[in-house]
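Structure assessment
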Amino acid sequence: MTTEDLIERYVADVVVLLPRRQRHDVARELRDLLAEEAAGADDVTELLRRFGHPADVAARYGTPVALIDPVDTRRFLTLAAGGAAVIQLGAFLGELIKPVRDFRAASDAAWPVVFAWLGLLFAGFAAAAWLRRRRPAQWRPRPLPTDRVNRPARLAGVAFFALGTLILLDPPAALRLATGGRAAPAAYDALAYDGAFLRYRGPIVLALMLAGVAIQVVLALLGRWRTPLATADLAYNLVLCAVLTWVIGAGPVFAATPADETAKSFAALIILATLIDVAVRTRRRSVAHAMHHNA
């Protein structure tokens, strides 16, 4: 193969990676440059290897177009992996609610949803990258992550969860109080707890709910996240998710099947929401800690 043939093939491999409007000028410039250097070279192939891979040479003539901006890669991978895990966990919990379970079939059925999530995520990040190149966004200062909490909102949340705990202590009594005893007898029966649940799982769930309220009370009084409290809250949330998963799979919660399935569905949603919340808050605390450390 002649020197001219090698150079032509090399130049062709470079310009094919460039936008159409650049190809003619780059081909001419690169051909002339390589021909000049090859005139005094003993081994043209080695010269071309030292010059660089065609992809690297093409990158010198402009920024390669990326469907997802490199700066977004880490966040994309995090959301992709996290979303896939949540979808598969949701499928697992949904199957755990059923009396007859087939976890493999549930996992297989969840994969199309996972791929749909990945497709939507990719499309969203690609659209964001395209808009960023078309209309570069102006930076605007945002509030720094902080360990402070909104005390009034936190106290309102404490009151809400405390009320919910009281209702769950005796749902038929709560219904009787709310309706003045005018509800149908079947409604009271539907809200009766299963006997086995009351003996074992119920007291553990109640203790966890009270512990959660206590943590929120302490947080509201302090007005900010302290490291020991944040660690205790993280451990509490992980234990809560584990216990709720056990509660869902260990047997009925309510004696009536419709109420039982509804309660377990809500418990599954609480598990997923809690894990997502833990991930988001852990990230925010990491940023806040980095800023405080650097300060």
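Each remark here, short or long, concerns the structure printed above.
Residues numbered from 1 in each chain as written. Predicted model: local features only at pLDDT ≥ 70, side-chain atom pairs only at ≥ 80, totals over all residues. Heavy atoms only, no water.

**A look at the pattern of salt bridges**
Rules: A pairing counts as a salt bridge when a side-chain nitrogen of Lys or Arg comes within 4 Å of a carboxyl oxygen of Asp or Glu. Counting from the N terminus, the helices are DSSP H or I runs at least four residues long and the strands are E runs at least two residues long. Only protein chains enter the accessibility calculation, which uses a 1.4 Å probe; a residue whose area is less than 20% of its type maximum is buried, one above 50% is exposed, and one in between is partly exposed.
What the rule picks out here adds up to ten salt bridges. Across the pair R31 and E8 runs a salt bridge, and its minimum N-O distance is 2.5 Å. Taken together, the positions of R31 in helix 2 (residues 20-38) and E8 in helix 1 (residues 3-15) put the pair 23 residues apart, joining distant regions of the chain. Accessibility expressed as a relative area gives 31% for R31, which makes it partly exposed. Where D69 meets R132, a salt bridge forms, and the shortest distance between an N and an O atom there is 2.6 Å. Taken together, the residues span a long stretch of sequence, with D69 in the loop between helix 4 (54-60) and helix 5 (73-97) and R132 in helix 6 (residues 103-134) at a distance of 63 residues. The exposure class of D69 is buried, given its relative accessible area of 11%.

**Overview of the side chain of D194**
Put simply, the test is: All tallies of charge rest on Lys and Arg as positive and Asp and Glu as negative; His and the ends of each chain are not included. In this analysis, two residues are considered to be in contact whenever any of their non-hydrogen atoms come within 4.5 Å of each other.
Within the element layout of this structure, D194 appears in the loop between helix 9 (185-190) and helix 10 (195-222). Salt bridges are absent for the buried D194, whose nearest opposite-charge side chain, R201, sits at 4.3 Å. In this structure, D194 is in contact with R201, P252, V253, F254 and A255, ignoring residues within four places of it in sequence.

**What about the layout of surface pockets?**
Applicable threshold: Grid points spaced at 1 Å over the protein atoms alone were grouped into cavities, where a 1.4 Å probe fits but cannot get out, and pockets, open sets with protein on both sides within 12 Å along at least five of seven lines, with lining residues defined by an atom within 4 Å of a point. Grid points are joined across faces, edges and corners, and a volume is the space filled by probe spheres set on the points. Note that Gly is not counted as nonpolar here; it falls among the polar residues with everything else outside the nonpolar set of Ala, Val, Leu, Ile, Met, Phe, Trp, Tyr, Cys and Pro and the charged set of Asp, Glu, Lys and Arg.
Size it by volume and the largest pocket reaches roughly 1500 Å³. At the level of secondary structure, the elements contributing two or more residues to the lining of the largest pocket comprise helix 7 (151-169), helix 10, helix 11 (227-250) and helix 12 (257-294). Residue composition of the lining of the largest pocket, by class: 31 nonpolar, nine polar and five charged.

**Description of the environment of Q216**
Its place among the elements puts Q216 in helix 10. For the pair Q216 and R154, spaced 62 residues apart in sequence, the C-alpha separation works out to 7.1 Å. Apart from the residues lying within four places of it in its own chain, the contact partners of Q216 are R154, V158 and D233.

**So, the environment of Q22**
As a reminder, the rule being used: N or O atoms within 3.5 Å of each other form a polar contact, as long as, within protein, one can give a hydrogen and the other can take it, and as long as residues adjacent in sequence are counted only when both atoms are side-chain atoms.
One can find Q22 in helix 2. Judged by relative accessible area, which is 23%, Q22 ranks as partly exposed. A polar contact is formed between the side chain of Q22 and the backbone oxygen of Y61, at a distance of 3.0 Å.

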